[in-house]
Amino acid sequence: MSHLTAVANKNVLDQQFLNDVLNGLTQQQKSLPCKYFYDDRGAALFEQITGVSEYYVTRTELSILDKYSHAIAQLLPQDISIIEPGCGSGKKVAYLLAHLVNVKTFVPFEISKEMLNYSLAHLSPLFPKLVISPLLGDFTHSQMVKQLAKKSALVDQTNLVYFPGSTLGNFAPVQAIEILQNFHRLCGINGYVLIGIDLVKDRQVLLNAYDDKAGVTASFNKNMLLRINKELNGTFELDNFTHQSRFNEQQSRIEMHLVSNCTQRIFINNVEVNFKQGESIHTENSHKYTLTAFELLAKQANLKLEHTWCDDNDYFALCLLRPC
Ligand SMILES: C[S@@+](CC[C@H](N)C(=O)[O-])C[C@H]1O[C@@H](n2cnc3c(N)ncnc32)[C@H](O)[C@@H]1O
């Protein structure tokens, strides 16, 4: 295993975390970027969410991978290099790696060092010969993506950008197009992009998936406040906030919020933030697409939809795209 690419500096990420939190909490609609959910505890809670009965997303995508990984691999060159932005646990890419025996390099690209370490610990023993070049950083930073695209291990290669988990749904359409443009740059003119997309479905199924009865998603959402307390000297009282999932029909997205139960004042690194009773912090969006809407989105990043694999309920789609 080679550690080619530890680009982002930890102190830079910490400073960015503070700036992003203060910026989000001083907007009229308070918000926090969902990319900060995944510290150690957040990563463990997300793993728990993937196992709750209401959260169909992971098990549905895994069932598609289980059924079609072989067919997907047959459409790709065997000696491809794979880049996985927001790789999380690395469990999904293992399905593809099992069918692609000659992968040149695998680049797990994560903002969370906990998730990056977890994916390495999971994949290294399964694929001892695989060259893994982990990258700690933010895939929304175009500059970082440009640097990665120039890495010698990837230039002149056929690359696959693998982006499962419907993580693209966390971004508003304008940002999603920018991200797809970055993936276009990363995969190169002869490359491929394979993306997991959560499809439009019954509203109650969606609301339940983001508000499970056991309260795991609520703990995951509130963990962001705990992380701010720990890492940014914050004073949030977790019991003073309630987790809520809302469906925004107009934007076709689930929103997660933390609603303030009372009028309160908190501090982050000595900066005061005031809450009215009922005021919320918007912590995550999960956009739900039709295949037509997704195809149009991808077209705006000059990516053409070549193949789609769905589950029997049409809950989720794996979409193979190529530069056009
Ligand atoms: C919902 S999880 C999905 C994990 C995995 N892709 C899967 O499908 O199981 C999202 C992952 O993306 C990572 N992530 C979110 N935003 C990121 C960003 N801007 N840059 C790099 N990683 C990011 C998180 O740390 C987390 O591990």
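Before any of the text, the structure's been laid out above.
Here's what I pulled together on the structure shown here. (Residues numbered from 1 in each chain as written. Predicted model: local features only at pLDDT ≥ 70, side-chain atom pairs only at ≥ 80, totals over all residues. Heavy atoms only, no water.)

### Considerations on the environment of Leu 160
Counting through the fold element by element, Leu 160 comes out in strand E5 (residues 159–163). Between the C-alpha atom of Leu 160 and that of Phe 247, which follows or precedes it by 87 residues, the distance is 33 Å. Every residue in contact with Leu 160, bar those within four places of it in the chain, is listed here: Leu 76, Ile 80, Ser 81, Ile 82, Ile 83, Leu 96, Tyr 192, Val 193 and Leu 194. (Helix = DSSP H or I, 4+ residues; strand = E, 2+ residues; numbered from the N terminus. Contact = heavy atoms within 4.5 Å.)

### Here we look at the side chain of Glu 279
Among the structural elements, Glu 279 can be located in the loop between strand E10 (271–275) and strand E11 (280–287). The exposure class of Glu 279 is buried, given its relative accessible area of 18%. Dropping the residues within four chain positions of it, Glu 279 is found in contact with Gln 28, Lys 30, Leu 258, Val 259, Ser 260 and Asn 274. (Buried < 20%, exposed > 50% of the residue type's maximum accessible area, 1.4 Å probe, protein only.)

### Details of the site of the ligand
With respect to spatial proximity, 19 residues lie near the ligand, and among them Gly 86, Lys 92, Glu 110, Asp 138 and Phe 139 are the closest. In this structure, a nitrogen atom belonging to the ligand sits 2.7 Å away from a main-chain N or O atom of Gly 86. Relative to its unbound accessible surface of 590 Å², the ligand loses 94% to contact with the protein. For the shell around the ligand, a count of residues per class yields seven nonpolar, seven polar and five charged. (Near = heavy atom within 4 Å. Polar contact = N/O pair within 3.5 Å; in protein donor to acceptor, adjacent residues only side chain to side chain. Areas by Shrake-Rupley, 256 points an atom, 1.4 Å probe, with all protein chains shown as cover. Nonpolar A, V, L, I, M, F, W, Y, C, P; charged D, E, K, R; others polar.)

### Thoughts on the pattern of salt bridges
Counted according to the given criterion, the structure contains 14 salt bridges. The salt bridge involving Asp 198 is made with Lys 288; its shortest N-O contact spans 2.6 Å. With Asp 198 in strand E6 (residues 192–198) and Lys 288 in the loop between E11 and helix H10 (291–299), this residue pair connects regions lying 90 residues apart in the sequence. The network of salt bridges with common partners includes Asp 20, Lys 35 and Asp 138. (Salt bridge = Lys/Arg side-chain N within 4 Å of Asp/Glu carboxyl O.)

### Re the pairing of strand E9 (residues 264–268)
Of the two faces of E9, only one is covered, namely that formed by Gln 264, Ile 266 and Ile 268; the face formed by Arg 265 and Phe 267 stays uncovered. In this structure, E9 lies alongside E10, joined through five bridges in antiparallel fashion. Along E10, the bridge assignment pairs Ile 268 with Val 271. The loop that links E9 with its antiparallel partner E10 comprises two residues; one of these, Asn 269, has a positive phi angle of about 50°. (Pairing = 2+ DSSP bridges.)

### Quick word on the nonpolar core
Membership of the largest hydrophobic core comes to 63 residues, with the highest contact counts inside it found for Ile 82, Leu 160, Leu 194, Ile 228, Phe 236, Ile 268 and Ile 281. In this structure, Ile 281 is in contact with Leu 25, Gln 29, Lys 30, Ser 31, Leu 32, Leu 225, Phe 236, Phe 241, Met 256, His 257, Leu 258 and Phe 275, ignoring residues within four places of it in sequence. One finds Leu 186, Ile 195, Phe 294 and Ala 301 within the second-largest nonpolar core, a separate group that totals 34 residues. (Core = buried A, V, L, I, M, F, W, Y, C linked by side-chain atoms within 4.5 Å.)

### Some remarks on the side chain of Asp 39
Its place among the elements puts Asp 39 in the loop between strand E1 (30–31) and helix H2 (40–49). Only 2.8 Å separates the side chain of Asp 39 from the backbone nitrogen of Gly 42, close enough to count as a polar contact. Setting aside its immediate chain neighbours within four residues, Asp 39 contacts Glu 114, Asn 223, Arg 227, Lys 230 and Glu 231.

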